[in-house]
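# Commentary on secondary and tertiary structure
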Amino acid sequence: MEVIIQSNAEDGCVLGAKIIAKTVREKPDAVLGLATGRTPERLYRELVRMHREEGLDFSRVTTFNLDEYVGLPPEHRQSYRYFMNEHLFRHINIDLANTHVPAGTAQDLQAECRDYEERITAAGGIDVQLLGLGRNGHIGFNEPTGSLRSRTWIKILSEQTLNDNAAVFGDRDAMPRHAVTMGIGTIMEARQVVLLAFGPAKVRAVMEMIEGPLSAICPGSALQAHPRAIVVLDEASAAGLRYASHYRWVDQNKLAWQRYD
Ligand code: F6R
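None of these values were measured; they are calculated from a predicted model.

## With respect to the overall build of the chain
Check the secondary structure of the chain and you find 8 helices and 10 strands. Burial status across the chain gives 54% buried among its 261 residues. If you take every contact in the chain between residues at least 6 apart in sequence, the share linking residues at least 24 apart comes to 78%. A total of about 11700 Å² of accessible surface is found on the chain, and carbon and sulfur atoms cover 50% of it. Computing the positive centroid from 29 side-chain charges and the negative centroid from 33, the chain places the two 3 Å apart.

## What about the pattern of salt bridges?
The tally for this structure, following the rule as stated, stands at 22 salt bridges. Among the salt bridges present, the one from E26 reaches K22, with a minimum N-O distance of 3.4 Å. Taken together, the positions of E26 and K22, both in helix α1 (residues 9–26) and 4 residues apart, correspond to about one turn of that helix. E26 sits in the exposed class, given a relative accessible area of 60%. The class for K22 is partly exposed, based on a relative accessible area of 32%. Ionic pairing is found between E112 and R119, a salt bridge with its closest N-O pair at 3.2 Å. For E112, a relative accessible area of 10% corresponds to the buried category. Three or more residues joined by partner-sharing salt bridges are found here, namely E10, R25, R42, E46, R49, E53 and E54.

## Digging into the pairing of strand β1 (residues 2–6)
Of all the 5 residues making up β1, 4 are buried; the element is thus mostly covered by neighbouring parts of the structure. Sheet topology note: the β1/strand β10 (residues 229–234) ladder contains 5 bridges and is parallel. Each residue of the ladder has a partner; that of V3, found in β10, is V231.

## Here's the deal with the site of the ligand
Around the ligand sit 13 residues in total, of which T39, D67, H138, G140 and K202 are the nearest. T36 is positioned with one of its side-chain polar atoms (N or O) 2.9 Å from an oxygen atom of the ligand. Residue H138 places a side-chain N or O atom 2.7 Å away from an oxygen atom belonging to the ligand. Within the complex, the protein chains bury 94% of what would otherwise be the 410 Å² of accessible surface of the ligand.

## Describing the sheet that holds strand β4 (residues 67–69)
As summarised here, the arrangement of the 3 strands in space is β4-β8-β7, forming an open sheet in which the pairing is antiparallel. The open sheet has two free edges, formed respectively by β4 and β7 (153–156), since each of these has just one partner strand. Along the sheet, successive strands turn relative to each other by an average axial angle of 30°, direction set aside. Here β4 pairs with strand β8 (residues 178–181) via 3 bridges, running antiparallel. Each residue of the ladder has a partner; that of E68, found in β8, is V180.

The rules behind the values
Residues numbered from 1 in each chain as written. Predicted model: local features only at pLDDT ≥ 70, side-chain atom pairs only at ≥ 80, totals over all residues. Heavy atoms only, no water. Helix = DSSP H or I, 4+ residues; strand = E, 2+ residues; numbered from the N terminus. Buried < 20%, exposed > 50% of the residue type's maximum accessible area, 1.4 Å probe, protein only. Contact = heavy atoms within 4.5 Å. Areas by Shrake-Rupley, 256 points an atom, 1.4 Å probe, with all protein chains shown as cover. Lys, Arg positive; Asp, Glu negative; His and termini not counted. Charge placed at Lys NZ, Arg CZ, Asp CG, Glu CD. Salt bridge = Lys/Arg side-chain N within 4 Å of Asp/Glu carboxyl O. Pairing = 2+ DSSP bridges. Near = heavy atom within 4 Å. Polar contact = N/O pair within 3.5 Å; in protein donor to acceptor, adjacent residues only side chain to side chain. Axes fitted to C-alpha atoms, helices over the stretch in contact; angles between N-to-C directions.

Shown next, in the form of structure tokens:
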């Protein structure tokens with residue numbers, strides 16, 4: 001894992017956007033894996049700015065989102081398809097036909113999961129997968145103890161996740177309890193992954209993900225086995241790390257071509 005500690009979430013999101021932009025510039029028909037949630041909102045604003053001011057071109061890009069709530073149609077304001085349209089897709093020159101979000105309203109959800117995997121394979125696999133981190137260590141909606149080799153599947157959301165995301169829905173009972181999510185095995189096949197985690201609420205999950213054992217108890221810890229995993233933190237989320245000074249040392253001593261900023 002490459003751990004990069006930025007002074008704040010703003011800088012972390014700008015760095016994350018630079019990593020994605022680098023992929024798109026080097027490979028104009030890149031396949032991006034995308035995430036939703038509070039964490040990447042600022043990153044998407046930066047990609048939009050790069051598109052408008054620097055001509056970052058998404059016309060040949062394909063995207064696959066990590067997950068979607070079961071039962072929410074695309075026009076539902078809390079659906080992840082709606083989130084992506086609002087925060088990114090409608091502000092850049094991407095062809096909406098090339099943007100994929102699992103269909104949470106599919107009649108046959110298991111067929112949708114298989115189909116989603118097939119679409120990722122047909123697109124040539126994911127070049128860079130963006131991730132956030134749940135307070136319980138989840139990536140996508142792979143909650144603790146889910147199989148580290150899982151493929152796109154239906155997950156029951158944990159009570160912690162319901163509590164963490166309930167505010168957006170008004171109250172917890174209005175929130176779906178199930179989601180379609182890429183599996184951990186699916187995420188691990190991306191050629192590069194970039195995980196962002198900011199703020200004091202993520203301290204424990206960050207510690208377990210980076211310095212704890214590789215274990216299904218903390219799904220994010222699977223990234224320890226990924227050959228190209230970058231974790232971008234701020235000072236607050238990095239506060240519990242034993243080897244923080246080592247990560248800073250490594251970052252200060254990178255060769256020019258190893259840097260993203
Ligand atoms: C979102 C997703 C989730 C979130 C995680 C963190 O597509 O898959 O794993 O990344 O729950 O959410 P925030 O960023 O709201 O703290």
